[in-house]
Amino acid sequence: MAAKLLEAKKLCASYGATQVLFDVDFSLEPGQITAILGANGAGKTTTLRAICQMVKTSGSLTLDGQSLIGKGTESVVRMGVAHVPDGRGTFTALSVEDNLKLGAYTRRDRHEVAGDIDKAYQRFPRLAERRHQQAGTLSGGEQQMLAISRALMLRPRLLLLDEPSFGLAPLIVAEIFRIMRRINEEDGVSMLVVEQNANLALDLAHHAYLLETGTVALSGPAEEIKRDESVRRAYLGY
Ligand code: ATP
């Protein structure tokens, strides 16, 4: 069995005195897409924030065997974790191209950065057309494309995506999810995707976890979770 990319054991997270995650166990295999599903307020976003050390955490949380607990967010980024937060998090006053350049801020291999920017434009030709446009003037779908592309400029070992489908038209969502799959298949980028749209997430992911009120209610291969009667009734709508 290959070593885990990320492993959480008895992970707890809280905002001040309010505990949100309770003894959560999960692990990510390198090269795979893992989904976290769950209703509003289940703790999905908080799980991503816990990995990035943006909330107070306890328990065990390791990336390639190295503990993340107590590390600053900046160190977690330098260890190769890129986060596309909900609301996208692009620099709205900067151009598309400057956003992409900023995404590579931790890298020393300047000559390869230009090649990666070209690759982003090949993946998302709409971004190439708008390279000199301010990010704030892009459509929601284009901003999501930019947010993903900017995160990839880090050449991450793990890409965290928070609700990539949120607020977008179905056609745009389909395009973005198709490209996410390609990024995983062609470049081997491991992903952890938080989604309220369980149908979409289970079609994309290899493995899934279902969170309910800050605990893991169910986990397994995405195909199995999809067939689970209670998941179908509560989350898939059929
Ligand atoms: P959603 O899809 O609504 O974002 P979620 O599963 O991502 O749901 P979280 O955002 O992780 O859920 O929130 C889990 C719980 O933590 C909720 O009860 C929420 O009210 C609480 N919470 C989130 N952010 C904070 C905060 N900054 N301070 C205090 N409580 C918070």
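These figures come from a predicted structure and were not determined experimentally. (Residues numbered from 1 in each chain as written. Predicted model: local features only at pLDDT ≥ 70, side-chain atom pairs only at ≥ 80, totals over all residues. Heavy atoms only, no water.)

Undergrad: Which residues make up the nonpolar core, and what are the values?
TA: Of all hydrophobic cores here, the largest spans 50 residues; its most connected members are L159 and M180. Broken down by element, this core gets its largest block of residues, seven residues, from helix 7 (residues 170-187). Of all hydrophobic cores here, the second largest spans 28 residues; its members include F26, L63, V76 and L158. (Core = buried A, V, L, I, M, F, W, Y, C linked by side-chain atoms within 4.5 Å. Buried < 20%, exposed > 50% of the residue type's maximum accessible area, 1.4 Å probe, protein only. Helix = DSSP H or I, 4+ residues; strand = E, 2+ residues; numbered from the N terminus.)

Undergrad: Break down the environment of G140 for me, with residues and values.
TA: Among the structural elements, G140 can be located in helix 6 (residues 140-152). On a C-alpha basis, the gap between G140 and R88 in space is 8.9 Å, while along the polypeptide they are 52 residues apart. Not counting residues up to four positions away in its chain, the partners in contact with G140 are R88 and L168. (Contact = heavy atoms within 4.5 Å.)

Undergrad: Run through the environment of L138, naming residues and quoting values.
TA: Along the chain, L138 turns up in the loop between helix 5 (125-129) and helix 6. Apart from the residues within four sequence positions on either side, L138 is in contact with V96, L127, R130, Q133, Q143 and L146.

Undergrad: Can you tell me about a nonpolar patch on the surface, naming the residues and giving the values?
TA: Together, F91, L94, L102 and Y105 make up a nonpolar patch on the protein surface, roughly 340 Å² of accessible area in all. Tracing the chain through its elements places L94 in the loop between strand 6 (81-84) and helix 3 (96-103). (Patch = residues over 30% accessible without salt bridge, like charges linked within 9 Å, V, L, I, M, F, W, Y side chains within 5 Å. Areas by Shrake-Rupley, 256 points an atom, 1.4 Å probe, with all protein chains shown as cover. Salt bridge = Lys/Arg side-chain N within 4 Å of Asp/Glu carboxyl O.)

Undergrad: Break down the site of the ligand for me, with residues and values.
TA: The local shell around the ligand holds 13 residues, among which G41, G43, K44, T45 and T46 are the closest. At a separation of 2.8 Å, an oxygen atom of the ligand approaches a polar backbone atom of G41. Burial of the ligand by the protein amounts to 59% of the accessible area it has alone, namely 630 Å². In terms of residue count, the dominant contributor to the shell around the ligand is helix 1 (residues 44-51) (four residues). (Near = heavy atom within 4 Å. Polar contact = N/O pair within 3.5 Å; in protein donor to acceptor, adjacent residues only side chain to side chain.)

Undergrad: Which residues make up the sheet that holds strand 3 (residues 33-38), and what are the values?
TA: Two pairing modes exist for strands in a sheet, parallel and antiparallel, and in both the strands are linked by backbone hydrogen bonds. With mixed pairing, six strands are arranged side by side in an open sheet as 6-7-8-3-9-10. Whereas interior strands pair on both sides, the edge strands pair on one side only; in this sheet they are strand 6 and strand 10 (215-221). Pairwise comparison of adjacent strand axes, ignoring direction, gives a mean angle of 15 degrees for this sheet. Both strand 6 and strand 7 (residues 158-162) contribute to a ladder of four bridges, which runs parallel. Opposite V81, over in strand 7, you have L158 as the bridge partner. The strands touched by helix 6 are strand 6 and strand 7; relative to strand 6, the strand with the most contacts, the crossing angle is about 170 degrees. Across the sheet, helix 7 is in contact with strand 3, strand 7 and strand 8 (190-194); its angle to strand 8 comes to roughly 150 degrees. (Pairing = 2+ DSSP bridges. Axes fitted to C-alpha atoms, helices over the stretch in contact; angles between N-to-C directions.)

Read these as spatial facts, not as claims about activity.
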